[in-house]
Amino acid sequence: MSAPDLILEHRDGNKVKKSLRIQAKSDLFLIGSSKDADLRLSGEKIAGCHLVLKFRAPHWYACDLSGSQDTLLDEKNIVEQKLEDSHVLKIGQHQIRLLNKSTKKVLFTNDVVLGEGAKQQIIIRRGRGVVESFYRDRDAVQHFRNGETKITLPAPTSTEWVVTEIGKRIIQQRLVPIQDVAKLEAFKIDRDFAKPLAIVLMIFAVLAVGVKLAPKSNTAKNLDEKSLDIIFNAKVVQKKRTESKKIQMAAKAKRGGTDAPNVAAKNQAMPEESQAPKVSNKTTAALTNLRASGLNSLIGKIAKRAAKSGIMIAASGTTADKAPGRAFYGAGTATVGGGGAASKASSTYKLGGVGTKGVGGGASNVGEGTARVGGKVGQGEVALIDDETVIDGGLDKDVIAEVIRRNIGQIRYCYERQLSANRDLYGKILVKFVINAGGLVNDPKIENSTLKSSMVEGCVLRRLAGWKFPLPKGGTSVRVSYPFLFKALD
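Residues numbered from 1 in each chain as written. Predicted model: local features only at pLDDT ≥ 70, side-chain atom pairs only at ≥ 80, totals over all residues. Heavy atoms only, no water.

Engineer: When you look at the overall build of the protein in this model, what are you seeing that I'm missing?
Structural biologist: Scanning the protein from terminus to terminus reveals eleven helices and 26 strands. Counting over 490 residues, the protein shows a buried share of 25%. Counted over contacts in the protein with a minimum sequence separation of 6, partners at least 24 positions apart contribute 50%. Summing over all exposed atoms, the protein offers an accessible surface of approximately 34100 Å²; the carbon and sulfur share of this is 54%. (Helix = DSSP H or I, 4+ residues; strand = E, 2+ residues; numbered from the N terminus. Buried < 20%, exposed > 50% of the residue type's maximum accessible area, 1.4 Å probe, protein only. Contact = heavy atoms within 4.5 Å. Areas by Shrake-Rupley, 256 points an atom, 1.4 Å probe, with all protein chains shown as cover.)

Take a look at the structure:
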């Protein structure tokens, strides 16, 4: 007889709201209003841990933990009650039906005829589990050991079980007809093993179908008949070798019987060397330094600021060489044009008719009135708040701060690029990221932000994702929470 399962039905009138099968090998089954309860019930009279269902071999028990009068089992208040067959449990306004479902199978009946071919069945148990089950001859004597003590068990004489306890083991012996031995040795799938076995069989079936449907190689079909003959026909191969030898002999005779290659062919002009300019090592090093210094980013930054606050000067009409000219500049040797005059005749550009404000310095022959007028380019500062930094892992705070300070220019660039368009942009961004075992940044994200600029936040995350930190101690990941404070400079 196997350990019984308990069937639980949560009912609402004649309607079943939930049906559960509770296995005897499971831990405590908790009923109550707690979010961790196995069966969660609602209501004012339902305690967090109201009632527990527990299997203690060989019976199920219901234990009331609430201490209230609103828990009834078969219309009676309980503290602990053994569950034998079918019971009705009432908790507040909820009704639960409990069915103790024992699985009983009669292996042999007492009126069986053993006959001449009877076998001895031996089952060794430990607790509720079966350790071993096997068959021996009808009159075979069994030997077992309990430590250093040897115990001999005689053969059973009937179909009734003979039970013997040896230490923690329980030995069961009985006689069975030979025809029933074949039935008992038939393959049987345990209920708990059925689902994993079905999944494994399904995987094998899918693999078998995939192998069967996989395209077969068509290499042999794609080869023509001539190629197949060359590969598999020795006579064809010999014929090709003979033809090749004849061609070589004819070429040798044409060269006058010498094995030297054709001199004319040897003296053929080599293709001209490529006229493309050779790459200089100094040029390559200079370009590399320019890229490393971020010159492209600097030029783009300056251009964007100029686009926001610069003044475009344009003119149309006659050229600067014709007075009175309205063009911005003109090439030539004239000393007049555009309403102004040059100091001397030369191949220069001439500019005139432009008003200025204030005094500006310049080269010789330049006096007052050359300063320009224009708005300021926005500049910003990024501050690090070490007191609000949170580090969890195998790297010191100072080590992480050093890497961030070394790359702070990238964060400042993200801020200043948007500051030119919005002078009122300021605030704080809290960034969270993970430094993996290789020192690289994983999963950077904005935890919270008062800057309220998706452009700056996205730029910061992209820059941060490319940083490289020292390797953490112990090869573990490091979780970092780092704040950046952005403010504009006058």
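Additional details are given in the paragraphs that follow.
Engineer: How should I be thinking about the sheet that holds strand β5 (residues 51–56) in this particular structure?
Structural biologist: Each strand in a sheet pairs with its neighbour through backbone hydrogen bonds, running either in the same direction (parallel) or in the opposite one (antiparallel). Across the sheet, five strands lie side by side as β4-β3-β5-β6-β9; this open sheet has mixed pairing. At either margin of the open sheet sits one strand with a lone partner, and together these are β4 (39–40) and β9 (80–83). As defined by bridge partners, β5 adjoins strand β6 (residues 59–64) across six bridges and the pair is classed as antiparallel. Directly across from L53, in β6, lies its bridge partner A62. (Pairing = 2+ DSSP bridges.)

Engineer: Any chance you could explain the state of the cysteines here in plain terms?
Structural biologist: Such a bond, covalent and formed between the sulfur atoms of two cysteines, is termed a disulfide. Per the counting criterion, the structure on display carries one disulfide. Each disulfide pairs two cysteine sulfurs, and for C414 the partner residue is C459, the sulfurs being separated by 2.0 Å. Because the torsion about its S-S bond is -65°, the bridge between C414 and C459 counts as left-handed. Residue C414 is located in helix α10 (residues 408–419), and its partner C459 is located in helix α11 (residues 454–465); the two are separated by 45 residues in the primary sequence. Of the two residues, C414 and C459, both sit in the buried class. (Disulfide = S-S within 2.5 Å.)

Engineer: For this particular structure, what's the right way to read the pattern of salt bridges?
Structural biologist: Any two side chains of opposite charge can pair, on the condition that their charged atoms come close. Enumeration over the complete set of coordinates arrives at ten salt bridges. The closest approach of N and O atoms between E381 and R412, which form a salt bridge, is 3.5 Å. Taken as a pair, E381 in strand β22 (residues 379–384) and R412 in helix α10 lie far apart in primary sequence, 31 residues in all. Relative accessible area serves as the criterion here: at 24%, R412 is assigned to the partly exposed category. Several salt bridges share partner residues, and in doing so they unite E9, R11 and R97 into one network. (Salt bridge = Lys/Arg side-chain N within 4 Å of Asp/Glu carboxyl O.)

Engineer: How do you make sense of the packing of α10 against α11 when you look at a structure like this?
Structural biologist: Between α10 and α11, whose axes approach to 9 Å, the crossing angle comes to 160°. Compared by their axis directions, α10 and α11 come out roughly antiparallel. As α10 packs across α11, the resulting crossing turns out to be right-handed. Across the interface between the two elements, Q410, I411, Y413, C414, Y415, R417 and Q418 of α10 pack against M455, V456, C459, V460, R462 and R463 of α11. (Axes fitted to C-alpha atoms, helices over the stretch in contact; angles between N-to-C directions. Parallel < 35°, antiparallel > 145°, perpendicular 65-115°, else oblique. Left-handed = near helix turned anticlockwise from the far one by under 90°.)

Engineer: Which parts of the structure should I look at to understand the packing of aromatic side chains?
Structural biologist: Two aromatic rings are characterised by how far apart their centres lie and by the angle between their planes. Under the criterion given, the structure shown has four aromatic pairs. Note that R56 overlies the ring of Y61, its terminal NZ or CZ placed 4.2 Å from the centroid. (Phe/Tyr/Trp six-rings, centres within 6.5 Å; stacked < 30°, edge-to-face > 60°. Lys NZ or Arg CZ within 6 Å of the ring centre and 35° of its normal.)

Engineer: What exactly am I supposed to notice about the sheet that holds strand β16 (residues 162–166) here?
Structural biologist: Strand order in the open sheet formed by four strands is β13-β12-β17-β16, with antiparallel pairing between adjacent strands. The open sheet has two edge strands with one neighbour each: β13 (129–137) and β16. Between one strand axis and the next, the sheet turns by 20° as a mean value, whatever way the strands run. Strand direction decides the pairing type here: β16 and strand β17 (residues 169–176), joined by five bridges, are antiparallel. Looking across to β17, one finds that V162 is bridged to Q173.

Engineer: I tried to follow the environment of N77 on my own but got confused; where do I start?
Structural biologist: With respect to the helices and strands, the residue N77 is situated in strand β8 (residues 76–77). The class for N77 is partly exposed, based on a relative accessible area of 43%. Through-space distance from the C-alpha of N77 to that of K90 is 9.8 Å; in sequence the pair is 13 residues apart. Within polar-contact distance, the side chain of N77 engages the backbone oxygen of Q69 at 3.3 Å. Within the local environment of N77, its side chain forms a polar contact with the backbone oxygen of T71, the two atoms lying 3.2 Å apart. (Polar contact = N/O pair within 3.5 Å; in protein donor to acceptor, adjacent residues only side chain to side chain.)

Engineer: Mind showing me how you'd approach unusual backbone geometry here?
Structural biologist: Most peptide bonds are trans, and most residues other than glycine sit at a negative phi. Looking along the chain, the bond that leaves A57 and enters P58 is cis, with omega of 5°. Phi is positive for D74, which is not a glycine, with a value near 55°. Along the chain, D74 turns up in the loop between β7 (71–73) and β8. The class of D74 is partly exposed, set by a relative accessible area of 35%. In this structure, K452 is a non-glycine residue whose phi angle is positive, near 55°. Mapped onto the fold, K452 is located in the loop between β25 (441–449) and α11. Residue classification places K452 among the exposed positions, given a relative accessible area of 77%.

Geometric values such as these leave the question of function open.
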